[in-house]
Amino acid sequence: MQETTVKITIDKKGRAKVEMIGFHGVGCGELADKLKSIGRVTSETNKPEFYETDENTNSLDNFAG
Amino acid sequence: MSKYLQFDELEITDQQLLVTALEEDMTFRGAGRSAVVESFASPQHLFGFGGDQRPETAEVIVRRQFVGSAANDLGFKRQESGNFRPIISAYDSRFYNAAWLDELSQRYGERRFIQEMHESGYMLSNKSAIADGSTEMSFVAMGAI
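Residues numbered from 1 in each chain as written. Chains lettered and ligands numbered in written order. Predicted model: local features only at pLDDT ≥ 70, side-chain atom pairs only at ≥ 80, totals over all residues.

A few words now on the sheet that holds strand β4 (residues 74–78) of chain B. Residues and elements named next belong to chain B. Here four strands make up an open sheet; going across it, the order is β2-β3-β4-β5 and the pairing antiparallel. The sheet terminates laterally at β2 (37–47) and β5 (84–87), the two strands that pair on one side only. Each strand of the sheet is rotated relative to its neighbour by a mean of 45°, with strand direction disregarded. With six bridges joining them, β2 and strand β3 (residues 53–62) adopt antiparallel strand pairing. When the bridges of β3 are listed, E38 appears paired with I61. (Pairing = 2+ DSSP bridges. Helix = DSSP H or I, 4+ residues; strand = E, 2+ residues; numbered from the N terminus. Axes fitted to C-alpha atoms, helices over the stretch in contact; angles between N-to-C directions.)

Next up, the structure:
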C-alpha cells in the first residue's frame, strides 16, 4: 500500500494549498476536516481514490467520508 | 493523490502560536528577532511613543521599545470570531505593513499546520523555502517511519 503523505505549501500572502497523497477511504476526509479549521477553504477537490474502500475498513464507514 | 484543499486565508486564532511566531520568526525594528511579546488572558491597554496610554487594548502586545524608535505599542486583539486582529498605528504601519502581516500569517500558518498534523499523527519530514518565497512542507504518518 502506498504511504500516506501530506504536502502543504504556504505562499508569501499566507495562502495555503494542501495535497493529500495515498489516502484511501475515510481517513482522508477526517484529516481534511481537522485541517479546514485552520483557515478559509476556497476549494476542495476529491480524487478518485477518495471514494475507494480501505481493505481494513468496514464498508459502511465510507458513507461518513 | 486523494484530495486537495486550498485556503485563501489562514485565520490566526491560537494565541500561543501567535506569540511564538512573533518572537521567533518576525523581525522588529527595535529588537531584530529578539522582541519580548506579552500575552494576556484579557486585553490590556497599548501605550504610545510618549508613554501615553492609548484607548486600544489587546491580548498580545509588543511594547514600543521593541517595535522601533519613536514607535507605539503593537497589539493583536481577539475578535468575537476568535481571530486576532492587528492594531498598528499609522506611523508604525510604514514598516509593519501588509507585507509584514502577510509574512506573519505565513509563519503562523507553518506552525499551525505542523501542530495540527502532529496531533493527527503525522510528523514533518521536510520543510523548505522555494524561490517565490513560499514554504513547502511534507508530512508522513508517524507509524510509517
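A few words now on the confidence of the model for chain B. All names here are of chain B. Of the residues in chain B, 98% reach a pLDDT of 70 or more, and the chain-wide mean stands at 94. Within chain B, the lowest mean pLDDT, 89, falls on strand β1 (residues 3–10), and the highest, 98, falls on β2. The ipTM value of the predicted complex is 0.89, and its pTM value is 0.87. (pLDDT = per-residue confidence, 0-100.)

To continue, consider the confidence of the model for chain A. Residues and elements named next belong to chain A. Mean pLDDT over chain A works out to 77, with 69% of the residues at or above the 70 mark. Confidence, read as mean pLDDT per element, is least for helix α1 (residues 26–35) in chain A (86) and greatest for strand β1 (residues 5–10) (96). Contacts for the low-pLDDT stretch residues 56–65, under 50 throughout, to residues beyond four places or in other chains number 13 contacts. (Contact = placed C-beta atoms within 7 Å.)

A word on the packing of helix α1 (residues 15–25) of chain B against helix α3 (residues 98–119) of chain B. Residue and element names in this part refer to chain B. Contact geometry of α1 with α3 gives a least axis separation of 9 Å together with a crossing angle of 125°. It follows from the interaxial angle that α1 and α3 lie oblique. Handedness of the crossing formed by α1 with α3: right-handed. The segment α1 lies against α3, with L17, L18, T20, A21 and D25 engaging L104, R107, Y108, R111, R112 and Q115. The residue makeup of the contact of α1 with α3, split by class, is five nonpolar, two polar and four charged. (Parallel < 35°, antiparallel > 145°, perpendicular 65-115°, else oblique. Left-handed = near helix turned anticlockwise from the far one by under 90°. Nonpolar A, V, L, I, M, F, W, Y, C, P; charged D, E, K, R; others polar.)

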